[in-house]
Amino acid sequence: FMIGETAMRFPALFAIFVTFLLWLSYELRKAKKLDADSSASFWQREAQADNVRRQSLDNLDYITIPLDSLPFFYGIDEKLDELQKNITDLAPCTMVNLSNYTNTELKLMYGPANLPALTEYDQNYTRLVRTLYQWGNRLSEIGHDKEAIQVLEYAVSIKSDVTAGYLLLGKLYQKTGSPHKIDTLIATASSLDSLLKDSLVQQLKTLRL
């Protein structure tokens, strides 16, 4: 089956599959960087990183959830209520996308004392982009395509690498009479640092035909 057909026929299974792909992409990206540093110089860099003094985190690209401009509906769908609660629970959390950096790189930049906090910030971001996809997907399933587009566009704006979210957004652009917006989506997807990027871009181009 194509991805879109599978998503429609088995939405719960597809959501689990997407979550697995996101985790796998994250871990492989980290492993790839570690392999590049697997020579003796890795241990030299690790020793150097462990001696870096705590640095300011003021220059991080922090993410704030714009609760006032996102489409919340309550009391119409239990699953939707749960996803929206997850979003509001995440709102006060500190979030930064650090998935492209290894722990060694983070320690070199900000010091080992900051690593626990940085790890938490990155985990919060990962939870956010996963939930945004699930939220947008559920909105579409219950007939709120306009609001689904709004949620998915926000996910894209914060560089989500959940590929299913890009594909769903592209399909919704087609469905709602805005296929030209897929071009912008393709440009954004092309800038992602993801192992699934090339496949995603190709599928989006297919939607544009």
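Keep in mind that what you see is a predicted model, and the values were worked out from it rather than measured.

Reading the values: rules and limits
Residues numbered from 1 in each chain as written. Predicted model: local features only at pLDDT ≥ 70, side-chain atom pairs only at ≥ 80, totals over all residues. Heavy atoms only, no water. Helix = DSSP H or I, 4+ residues; strand = E, 2+ residues; numbered from the N terminus. Buried < 20%, exposed > 50% of the residue type's maximum accessible area, 1.4 Å probe, protein only. Contact = heavy atoms within 4.5 Å. Areas by Shrake-Rupley, 256 points an atom, 1.4 Å probe, with all protein chains shown as cover. Core = buried A, V, L, I, M, F, W, Y, C linked by side-chain atoms within 4.5 Å. Expected span 1.5 Å × (residues − 1). Arc of directions from axis to C-beta. Salt bridge = Lys/Arg side-chain N within 4 Å of Asp/Glu carboxyl O. Phe/Tyr/Trp six-rings, centres within 6.5 Å; stacked < 30°, edge-to-face > 60°.

Caption draft 1: The overall build of the protein chain, seen in detail. For the protein chain, the count of helices and strands is ten helices and zero strands. Along the protein chain, from the amino end to the carboxyl end, the secondary structure elements read α-α-α-α-α-α-α-α-α-α. Going through the 209 residues of the protein chain one by one, you find that 43% of them count as buried. Sequence separation of 24 or more characterises 71% of the internal contacts of the protein chain that already satisfy a separation of 6 or more. Carbon and sulfur atoms form 54% of the exposed surface of the protein chain, whose accessible area is close to 11400 Å².

Caption draft 2: Quick look at the nonpolar core. In terms of nonpolar packing, the biggest core is built from 40 residues, with Leu 128, Leu 132, Trp 135 and Leu 204 touching the most fellow members. Those elements that provide at least two residues to this core are α4 (78-90), α6 (115-141), α7 (145-157), α8 (163-175), α9 (181-190) and α10 (197-208). Beyond its immediate chain neighbours, meaning those up to four positions away, Leu 204 contacts Tyr 166, Leu 167, Ile 182, Leu 185, Ile 186 and Ala 189. Within the second largest apolar cluster, nine residues are counted, among which are Leu 57, Tyr 110, Leu 115 and Tyr 121.

Caption draft 3: Unusual backbone geometry, seen in detail. The phi dihedral of Lys 159 is positive, around 65 degrees, even though this residue is not glycine. Among the structural elements, Lys 159 can be located in the loop between α7 and α8. Take Lys 159: its relative accessible area is 43%, and that puts it in the partly exposed class.

Caption draft 4: α10, seen in detail. Along its twelve residues, α10 runs 17 Å from first to last C-alpha, staying within 8% of the 16 Å computed at 1.5 Å per residue. Within α10 the residues assigned to the buried category are Leu 200, Val 201, Leu 204 and Leu 207. For α10, the angular spread of the buried residues around the axis is 115 degrees, confining them to a single face. Buried residues along α10 sit in contact with α8 and α9.

Caption draft 5: Structural view of the pattern of salt bridges. Tallied over the full model, the rule gives seven salt bridges. For Lys 85, the salt bridge identified is with Asp 89, shortest N-O distance 2.8 Å. Of this pair, Lys 85 and Asp 89 both sit in helix α4, separated by four residues, roughly a single helical turn. Relative accessible area serves as the criterion here: at 49%, Lys 85 is assigned to the partly exposed category. Residue class for Asp 89 comes out partly exposed when judged on its relative accessible area of 38%. Here the residues in one salt-bridge network are Glu 46, Asp 50 and Lys 107, joined through shared partners.

Caption draft 6: Seen up close, the packing of aromatic side chains. Inspection of the entire model under this criterion finds three aromatic pairs. Note on Tyr 62 and Tyr 121: the rings are 6.3 Å apart at their centroids and 65 degrees apart in plane angle, and the pair reads as edge-to-face. Within this pair, whereas Tyr 62 is found in the loop between α3 (40-49) and α4, its partner Tyr 121 is found in helix α6, the two being separated by 59 residues in sequence. When its relative accessible area of 16% is taken as the criterion, Tyr 121 is described as buried. Ring plane angle 45 degrees and centroid distance 4.9 Å describe the contact between Phe 72 and Trp 135, whose orientation is recorded as tilted.

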